[in-house]
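Analysis of the macromolecular model
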Amino acid sequence: EIRTPMNGIISCTNLLLDSCDNKEDRELLETVSSCGVSLLTLINDILDFSKLEFGKVELEQYPFNLQYAIRNVVNLFSVNAVEVGKVITLEVDDDVPLFVNGDKEKNKQLLSNLISNAIKFSETNVEVHISLDNSTKSMHKVKFSIRDNGIGISKEGLSKLFKSFSQVDGSTTR
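Being a predicted model, the structure only gives us computed values, none of them experimental.

**A short note on the packing of aromatic side chains**
Counted under the stated rule, the structure contains one aromatic pair. Pairing Tyr-62 with Phe-64 gives two aromatic rings, centres 6.3 Å apart and planes at 55°, and the pair type is tilted. Since its relative accessible area comes to 28%, Tyr-62 is described here as partly exposed.

**Concerning a nonpolar patch on the surface**
On the surface, a nonpolar cluster with roughly 390 Å² of combined accessible area is contributed by Phe-49, Leu-52, Val-57 and Leu-59. Residue position: Phe-49 is located in helix H2 (residues 23-53).

**Some points on empty space enclosed by the protein**
One pass over the structure, following the stated rule, counts one cavity of 30 Å³ or more. The computed volume of the largest cavity comes to approximately 40 Å³. Around the largest cavity sit Phe-64, Leu-66, Ala-69, Ile-70, Val-73, Lys-104, Asn-107, Lys-108, Leu-111 and Phe-144, which together line it. For the lining of the largest cavity, the secondary structure elements donating two or more residues are helix H3 (66-83) and helix H4 (104-121). Of the residues that constitute the lining of the largest cavity, the class distribution is seven nonpolar, one polar and two charged.

**Quick word on the confidence of the model for the protein chain**
Chain-level pLDDT for the protein chain is 86 on average; 92% of the residues reach the 70-or-more range. The secondary-structure element of the protein chain with the lowest mean pLDDT is helix H5 (residues 155-158), recorded at 79, while strand S2 (residues 88-92) shows the highest, at 95.

**Some words on H2**
Between its terminal C-alpha atoms H2 stretches 45 Å, which fits the 45 Å expected from 31 residues at 1.5 Å a residue. Among the residues of H2, those classed as buried are Leu-29, Ser-33, Gly-36, Leu-40 and Ile-43. Contacts from the buried residues of H2 go to helix H1 (3-19). Regarding H2, its N-cap is Asn-22, as a side-chain oxygen of that residue lies 2.9 Å from the backbone nitrogen of Glu-24 further along. Downstream of H2 by a residue or two, Gly-55 has a phi angle that is positive, lying close to 65°.

**As for the pattern of salt bridges**
Scanning the model with the defined rule gives three salt bridges in all. A salt bridge links Asp-48 to Lys-106; the shortest N-O distance between them is 4.0 Å. Residue Asp-48 is located in helix H2, and its partner Lys-106 is located in helix H4; the two are separated by 58 residues in the primary sequence. Since its relative accessible area comes to 23%, Asp-48 is described here as partly exposed. For Lys-106, a relative accessible area of 29% corresponds to the partly exposed category. Two residues, Arg-147 and Glu-127, come together in a salt bridge whose shortest N-O distance is 3.6 Å.

**Observations regarding the layout of surface pockets**
Summary: where empty space remains is shown by rolling a probe the size of a single water molecule over the atoms. Roughly 510 Å³ of internal volume is contained in the second largest pocket. Together, 17 residues line the second largest pocket, and Thr-41, Asn-44, Asp-45, Asp-48 and Gln-109 are the ones closest to its centre. Residues of the lining of the second largest pocket, tallied by class, amount to two nonpolar, seven polar and eight charged.

**Brief notes about the nonpolar core**
Among the nonpolar cores identified, the biggest contains 20 residues, and Ile-70, Ile-88, Leu-111, Ile-115, Ile-119, Val-128 and Ile-130 are the most heavily contacted of them. Sorting the residues of this core by element identifies H3, S2, H4 and strand S4 (126-132) as the ones contributing at least two each. No other element matches the seven residues that H3 contributes to this core. In contact with Ile-130, not counting residues within four places along its chain, are Ile-70, Leu-90, Glu-91, Val-92, Asp-93, Val-96, Val-142, Lys-143 and Phe-144.

Criteria and thresholds
Residues numbered from 1 in each chain as written. Predicted model: local features only at pLDDT ≥ 70, side-chain atom pairs only at ≥ 80, totals over all residues. Heavy atoms only, no water. Phe/Tyr/Trp six-rings, centres within 6.5 Å; stacked < 30°, edge-to-face > 60°. Buried < 20%, exposed > 50% of the residue type's maximum accessible area, 1.4 Å probe, protein only. Patch = residues over 30% accessible without salt bridge, like charges linked within 9 Å, V, L, I, M, F, W, Y side chains within 5 Å. Areas by Shrake-Rupley, 256 points an atom, 1.4 Å probe, with all protein chains shown as cover. Salt bridge = Lys/Arg side-chain N within 4 Å of Asp/Glu carboxyl O. Helix = DSSP H or I, 4+ residues; strand = E, 2+ residues; numbered from the N terminus. 1 Å grid on protein atoms, 1.4 Å probe; cavity = no way out; pocket = protein on both sides within 12 Å on 5 of 7 lines; lining within 4 Å. Points joined across faces, edges and corners; volume = space filled by probe spheres on them. Nonpolar A, V, L, I, M, F, W, Y, C, P; charged D, E, K, R; others polar. pLDDT = per-residue confidence, 0-100. Expected span 1.5 Å × (residues − 1). Contact = heavy atoms within 4.5 Å. Polar contact = N/O pair within 3.5 Å; in protein donor to acceptor, adjacent residues only side chain to side chain. Core = buried A, V, L, I, M, F, W, Y, C linked by side-chain atoms within 4.5 Å.

This is how it looks when you write it as structure tokens:
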């Protein structure tokens, strides 16, 4: 289990943080904790990608408050956006249901990735729009739209978009 050592590092670091009074040591421990959480997130993403490649991803199906989950993600990234001089606006159409059945965490992960990239690559503000797309009485298809003025992807780059170990633009500035 590749996550077990990271969980141990994060847990022990948090225990040390609870008992640490020295400001300099506390800052170092907070850095270790933050890096540990980032590394655990990366490990989880790699494991999710591996599952996806082998068709082993299982989506949860349970009721959750979609609009609350969306607002939480947007609020989380709004702090990051303001730090780099941008604003995130959110528009949720009136017909988007409050509660849906689905995988809350995967929906939050998807929206987080889209917003994170929009903040990173856009020169101006980011608009998030949530709407329904081809819904019926028994099933809702929710559409997440992100508008920014980032560099976009060239037609040539689209062919590389979902291939393993490839990037549309490998430079560090893109």
